[in-house]
Amino acid sequence: MPTEKEIITETFTELAPRYERVVDQELKRFWGWSYDGFVEMLIKLTPIHETDKVLDVATGTAVIPLKLAHLHKSAKPITGLDITPAMLRRAKARTQTNQLSSSIHLVCASAMAMPFSSHSFDAIICGLATHHMDIEQLLSEMQRVLKEGGSLTIGDVGGSPTWRFPIIRLFIRVLAFVYFLAAENLSRAWAESSALSHIHTAEEWHAILSRLEFQNIKLQKLPSKHFWSPDPLVITTTKSSAEGINVNNS
């Protein structure tokens, strides 16, 4: 049986040539959001200054770095990290096409063991990827590489407390497997059904972030297209000593 890491790599290797189109279709189908609109919203919520070093975790085909490079004139390259070489090859081709190779630095590595020194980045963004990772290990690495006062913005699917019931959890896992098997392929079906164990509620996210000493935690559930579809969850927080924690589940 392949490991979860091997399944993810296989899945996104196959998905790489059509990644942006597939994600856009899926976001519109389940949430009523376009991929471009979702990325713009994440960037808008992230305070970025001209001299900031920015890291995009699970950058995929560099959608976020490319948009950042177009929107912000940065004195430093934007770093995009991803574990799948095929995704980064497409990302590199897109940066070259947009004549932004010097503005975007691509790194192939695991987000749960980042090859960066501690306190390296002023801002981190991660979109639509945390459900494929061990959240606590991922956040520990993010906390390590962020500078004091650095900002973190995450956007992904949010969980429901009812998902903790074994029968409901099994039903959702089977449903996800069947849907993605029919719509995509076996590796995607395994990847998405396995991801259920990494999906957390807003309250669980808050607890983990607080335990890792993130501050100014804000969590917002965005509206989704269907009542049965899990709501997108957006998280903004900082690595700082500032007081005041705010949770918004509206």
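What comes next concerns the included structure. Everything numeric here is computed off the predicted structure, so don't read it as measured data.

Here is what the cut-offs are and how they apply
Residues numbered from 1 in each chain as written. Predicted model: local features only at pLDDT ≥ 70, side-chain atom pairs only at ≥ 80, totals over all residues. Heavy atoms only, no water. 1 Å grid on protein atoms, 1.4 Å probe; cavity = no way out; pocket = protein on both sides within 12 Å on 5 of 7 lines; lining within 4 Å. Points joined across faces, edges and corners; volume = space filled by probe spheres on them. Helix = DSSP H or I, 4+ residues; strand = E, 2+ residues; numbered from the N terminus. Nonpolar A, V, L, I, M, F, W, Y, C, P; charged D, E, K, R; others polar. Phe/Tyr/Trp six-rings, centres within 6.5 Å; stacked < 30°, edge-to-face > 60°. Buried < 20%, exposed > 50% of the residue type's maximum accessible area, 1.4 Å probe, protein only. Axes fitted to C-alpha atoms, helices over the stretch in contact; angles between N-to-C directions. Parallel < 35°, antiparallel > 145°, perpendicular 65-115°, else oblique. Left-handed = near helix turned anticlockwise from the far one by under 90°. Contact = heavy atoms within 4.5 Å.

1. Some points on empty space enclosed by the protein
Piece 1. For the coordinates displayed, the defined rule picks out two cavities of 30 Å³ or more.
Piece 2. Its volume calculated, the largest cavity comes out at about 80 Å³.
Piece 3. Put simply, the parts of the chain that give the lining of the largest cavity at least two residues each are α3 (35-44) and β1 (54-57).
Piece 4. With four residues, the single largest contributor to the lining of the largest cavity is α3.
Piece 5. The residue makeup of the lining of the largest cavity, split by class, is nine nonpolar, three polar and one charged.

2. Re the layout of surface pockets
Piece 1. Approximately 1000 Å³ is the volume attributed to the largest pocket.
Piece 2. For the largest pocket, the lining is made up of 40 residues, of which Phe30, Val157, Phe180, Ser229 and Pro230 are closest to its centre.
Piece 3. Elements with a contribution of two residues or more to the lining of the largest pocket: α1 (4-15), α2 (19-30), β5 (146-157), α7 (166-183) and α8 (186-194).
Piece 4. Counting residues per element, the lining of the largest pocket draws most heavily on α7, at eight residues.
Piece 5. Here the lining of the largest pocket is built from residues that sort into 25 nonpolar, eight polar and seven charged.
Piece 6. Estimated volume of the second largest pocket: approximately 400 Å³.
Piece 7. In terms of lining residues, the second largest pocket is bounded by 23 residues, among which Ile8, Ile83, Ala129, His132 and Met133 are the most central.
Piece 8. Elements supplying a minimum of two residues to the lining of the second largest pocket: α1 and β2 (78-82).
Piece 9. Looking at the lining of the second largest pocket, the element that brings in the most residues is α1, giving four residues.

3. Some remarks on the packing of aromatic side chains
Piece 1. One pass over the structure, following the stated rule, counts eight aromatic pairs.
Piece 2. Where Trp33 meets Phe38, the ring centres are 6.0 Å apart and the plane angle is 85 degrees; that geometry is what we call edge-to-face.
Piece 3. In this structure Phe38 comes out as buried when scored by relative accessible area, which is 1%.
Piece 4. With a centroid separation of 5.1 Å and an interplanar angle of 65 degrees, the aromatic rings of Phe177 and Trp190 are classed as edge-to-face. With Phe177 in helix α7 and Trp190 in helix α8, this residue pair connects regions lying 13 residues apart in the sequence.
Piece 5. Ring pairs connect the aromatic residues Phe12, Tyr19 and Tyr35, which therefore count as one cluster.

4. Some details on the packing of α1 against α8
Piece 1. α8 packs onto α1 with a crossing angle of 125 degrees between their chain directions and a minimal axis gap of 9 Å. With respect to their mutual orientation, α1 and α8 come out oblique. Crossing geometry of α1 relative to α8 is assigned as left-handed. Packed against α1, whose contacting residues are Glu4, Ile7, Ile8, Glu10, Thr11 and Leu15, the element α8 presents Ser187, Arg188, Trp190, Ala191 and Ser194 at the interface.
Piece 2. Among the residues making up the contact of α1 with α8, the classes are represented as five nonpolar, three polar and three charged.

5. Let's talk about α8
Piece 1. Along α8, the residues that are buried comprise Ser187, Arg188, Ala189, Ala191, Glu192 and Ser193.
Piece 2. Packed against the buried residues of α8 are α1, α2 and α7.

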